[in-house]
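# Per-entry structural report
As a plain string of letters, each chain reads:
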Amino acid sequence: MTNAISFNPRLTMAQIKLILLDFDGTLVDTRDANAYAYIEALGEAGITLSREEYLERYFGVRCREFLKMVGIEEEHIQRLRRRKIELYPKYFASVRLNNALWQWCRMMRHMGTKVWIVSTGHIDNITNVMRYLNLESDIDGIISGDDVTRPKPYPDCFLKAMDIEGVSPSETIIFEDSHVGLEAAKSSQASYVRVTDF
């Protein structure tokens, strides 16, 4: 399920005060739901995109940057973004939870550790999936792509969560799957784990 890569491999469970979870691809497999919602929204705008092309080239790219890359002009980006959010729940049957990671986080939270979602995704996309999977009651906070000026690979989102909770990088562990997310985790100086599959 995971491949550990850490600055502090001696970090014990008792020392962990904060767990930071990337969302898409780490806690939840939303690849197909994202792909099909974007494919439908872009199809309405006259742009054809395959599932394979989206997953290979664009999954994990921030919405605004992705839409620019496929040729959406600036004045239409917000409309397409809203339309994708509207369509997203239609494909939630394909969403899959990383159950092993989630159960470990719940156990740690019952022991007093704080658990946050830290994602480049839009807050509505994150909360809609969390509501669908009934995850809301076991999360202490969410930082989305709109909450920081500099997204991953900058560590700002992780550092913001640490600052809010008043913990240091040495008391934090981050779970990530993407290259940019791992770069951000490294830069934050926290311990981190690469999620490769679930």
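Only a predicted model underlies this, so the values are computations on that prediction, with no experimental measurement involved.

Moving on, we get to the overall build of the protein. For the protein, the helix and strand inventory stands at eight helices and eight strands. Relative to the globule expectation of 16 Å for 198 residues, the C-alpha radius of gyration of the protein, 17 Å, shows essentially globular dimensions. Counting only C-alpha atoms, the protein reaches 55 × 30 × 25 Å along its principal axes. Considering only contacts in the protein between residues 6 or more positions apart, those separated by 24 or more positions represent 73%.

Attention now moves to empty space enclosed by the protein. Enumeration according to the criterion identifies one cavity of 30 Å³ or more in this entry. What lines the largest cavity is S119, T120, S144, G145, V148, P151, K152 and C157. In terms of residue class, the lining of the largest cavity is made up of three nonpolar, four polar and one charged.

Let's shift gears to the layout of surface pockets. In this model, the largest pocket occupies a volume close to 480 Å³. Surrounding the largest pocket, 27 residues form its lining, G60, V61, R62, T120 and G121 being those nearest its centre. When residues of the lining of the largest pocket are traced back to their parent elements, those giving at least two are α1 (31-44), α3 (63-69) and α4 (74-87). When grouped by side-chain class, the residues that make up the lining of the largest pocket number eight nonpolar, nine polar and 10 charged.

Counting across every chain of the model gives nine aromatic pairs. Ring plane angle 75 degrees and centroid distance 5.5 Å describe the contact between Y54 and F66, whose orientation is recorded as edge-to-face. With a gap of 12 residues between them, Y54 in helix α2 (residues 51-58) and F66 in helix α3 connect regions that are remote in the sequence. Per residue, the accessibility class of Y54 equals that of F66, and both read buried.

On average, residues of the protein score 92 in pLDDT, and 95% of them are at 70 or above. Counted against residues more than four places away or in other chains, residues 1-7, with its pLDDT under 50, gives 25 contacts.

It is worth spelling out the side chain of E176 at this point. Among the secondary structure elements, E176 is positioned in strand β7 (residues 172-176). Within the structure, the side chain of E176 is placed 2.5 Å from the side chain of K152, a separation counted as a polar contact.

Conventions adopted
Residues numbered from 1 in each chain as written. Predicted model: local features only at pLDDT ≥ 70, side-chain atom pairs only at ≥ 80, totals over all residues. Heavy atoms only, no water. Helix = DSSP H or I, 4+ residues; strand = E, 2+ residues; numbered from the N terminus. Rg over C-alpha atoms; globule rule 2.2 N^0.38 Å. Contact = heavy atoms within 4.5 Å. 1 Å grid on protein atoms, 1.4 Å probe; cavity = no way out; pocket = protein on both sides within 12 Å on 5 of 7 lines; lining within 4 Å. Points joined across faces, edges and corners; volume = space filled by probe spheres on them. Nonpolar A, V, L, I, M, F, W, Y, C, P; charged D, E, K, R; others polar. Phe/Tyr/Trp six-rings, centres within 6.5 Å; stacked < 30°, edge-to-face > 60°. Buried < 20%, exposed > 50% of the residue type's maximum accessible area, 1.4 Å probe, protein only. pLDDT = per-residue confidence, 0-100. Polar contact = N/O pair within 3.5 Å; in protein donor to acceptor, adjacent residues only side chain to side chain.

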